[in-house]
Amino acid sequence: MKLSPREAEGYFAKPDEGKAGLLIYGADAMRVALKRQQVLAALLGPGAEEEMRLTRIPGSELRSDPALLLDAVKAVGFFPGPRAVFVEDTTNMAAPAILAALEDWDHGDAQIVVTAGQLKPSSKIRKAFEANPAAYAVGIYDDPPSRAEVERILAQAGLQNIPRDSMSALSELAMALSPGDFTQTVEKLSLYKRGDTSELIIEDIEACAPRSTEAALDDVLNVVAEGRAQEIGPLIRRLQAQGTNAVTLCIGATRHFRTLYACASDPGGAAQGIGKLRPPVYGKRRDRILRQAQGWGAQKLQTALTVLTDTDLSLRSAGQTAPAMALVERAMIRLAMLARSG
């Protein structure tokens, strides 16, 4: 049987011990692996590997030894409790062994959990699981995690006392990061807050979130928007060393100043404008953007956007001979000087 994404989330949390098997497939190996870890933990409970209730078989081995899977499924365990055979990195080469094991499966046998990459609807493995009333097939796609999924990951890590703005920030972080990176960030947060019963605040999240090239870019843009011209050169050199090119920096600056302009030009003032930003901003970043928007004002921000547009056109011009990063650095310094002007 085929499970929809919504049905699959509930099944991963509480799998049916009486089913023959489960196929989890998808293009993102990390997403598939995380779901497989979740369902095996829920199905078998703690100590499954130590009690030999979980058998792992690489899918590649089933091509040369098709009977390996069925033998593992039928094997009698030494310890009580549910058993499973996990077949990983499966391709259609393993289809004969998997189809035979599903056909011969009976109540009391180990459950068959199979993971694979992207499978076409015509895949023999996928069709076998979808057609079998005692088995399930779930496709894992690159959709952003749901709020319920984020809450489950946080609960598993033992994180509690999370106010609304922090939960919103974590949901945005889950959409921005890969599943593995988000899980690692939550684990880091759990260690960071160990023994601390106070609320999980935005500053805690910022302290544990991965610093990326985008974070370094934010440093440059804040320096420019706050008029600290003398700090621009070293920060741009750092971005260059990380592989950031001039066009990326110019696009990032344009996006930042458009955000400031959206706040400053709001009829109700910058404080009201910042509340309309999507995605919303929180914590210190919100305070900083608000302060910058109020300091610049709509008129000067229009001038800044004109400077950035002209710079972007120069970078894309076929006749441009000056070093691209030097052009951007000059524009950044010009904006920083404009920020300090009356």
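As the structure is a prediction and not an experimental result, all values here were calculated from the model.

Undergrad: I'd like to hear about the environment of Met1, residue by residue, with values.
TA: Its location among the elements puts Met1 in the segment before α1 (5–13). Residues Met1 and Asn132, spaced 131 residues apart in sequence, show a C-alpha to C-alpha distance of 6.0 Å. Leave out the neighbours within four places in its chain, and Met1 touches Lys19, Phe129, Glu130, Ala131, Asn132, Pro133, Ala135, Tyr136 and Ala137.

Undergrad: I'd love a proper account of unusual backbone geometry, names of residues and values included.
TA: Comment: phi is negative for the bulk of residues other than glycine, and the bulk of peptide bonds are trans. Of note in the backbone geometry, Asp89 takes a positive phi value of approximately 50° without being a glycine. With respect to the helices and strands, the residue Asp89 is situated in strand β3 (residues 84–90). The exposed category is assigned to Asp89, whose relative accessible area is 62%. In this structure, Asn161 takes a positive phi of about 55° despite not being glycine. Looking at the element boundaries, Asn161 is found in the loop between α7 (147–156) and α8 (164–176).

Undergrad: How would you sum up helix α15 (residues 283–316)? Please name residues and give values.
TA: A rise of 1.5 Å per residue sets the reference length of α15, with its 34 residues, at 50 Å; its end C-alpha atoms lie only 36 Å apart and thus fall more than 12% short of the reference. Largest kink in α15: about 90°, centred on Gly297.

Undergrad: Go over the packing of α15 against helix α16 (residues 324–340), please, and point to the residues and values.
TA: Interaxial distance between α15 and α16 falls to 10 Å at its minimum, and their mutual angle equals 170°. Judged by the angle between their axes, α15 and α16 are roughly antiparallel. Between α15 and α16, the residues in contact are Trp296, Lys300, Thr303, Ala304, Val307, Leu308, Thr311, Ser314 and Leu315 and Ala324, Leu327, Val328, Ala331, Met332, Arg334, Leu335, Leu338 and Ala339, respectively. Among the residues forming the contact of α15 with α16, the class breakdown is 13 nonpolar, three polar and two charged.

Undergrad: Go over the sheet that holds strand β1 (residues 21–25) with me, naming the residues and quoting the values.
TA: Within the open sheet, the five strands sit side by side as β2-β3-β4-β1-β5. Their pairing is parallel. Two strands lie at the open edges of the sheet, namely β2 (54–58) and β5 (135–139), each paired on one side alone. In this sheet, neighbouring strand axes are inclined to one another by 15° on average, regardless of whether the strands run parallel or antiparallel. Bridge count for β1 against strand β4 (residues 111–116) is five bridges, and the pairing is parallel. Considered in β4, the bridge of Leu22 is made with Val113. Running over the sheet, helix α6 (residues 124–131) touches β1, β3, β4 and β5 and is turned about 135° from β1.

Parameters at a glance
- The numbering scheme is per chain: residues are counted from 1 as the chain's sequence reads.
- Per-residue local features of the predicted model are confined to residues with pLDDT of at least 70, and side-chain atom pairs are confined, for both listing and counting, to 80 or more; whole-chain, interface and lining totals are unaffected and use all residues.
- Working from all heavy atoms in the structure, the side-chain values ignore hydrogens and water.
- Strands here are runs of E lasting at least two residues and helices are runs of H or I lasting at least four, both read from the DSSP assignment and numbered beginning at the N terminus.
- Contacts between residues were defined by any pair of non-hydrogen atoms, one from each residue, lying within 4.5 Å.
- Using a 1.4 Å probe on the protein chains alone, a residue whose accessible area is under 20% of its type maximum counts as buried, one over 50% counts as exposed, and one in between counts as partly exposed.
- To estimate how far a helix should reach, multiply one less than its number of residues by 1.5 Å.
- We define the bend at any residue as the angle between the axes fitted to the seven residues before and including it, ending there, and the seven starting there.
- Lines fitted to C-alpha atoms define the axes, with helix axes restricted to the stretch in contact, and inter-axis angles between N-to-C directions lie between 0 and 180 degrees.
- Here the word oblique covers every angle except those under 35 degrees (roughly parallel), over 145 (roughly antiparallel) and from 65 to 115 (roughly perpendicular).
- All residues other than Ala, Val, Leu, Ile, Met, Phe, Trp, Tyr, Cys, Pro, Asp, Glu, Lys and Arg, Gly among them, are scored as polar; the first ten of these are nonpolar and the last four charged.
- Any two strands with at least two DSSP bridges between them are considered paired.

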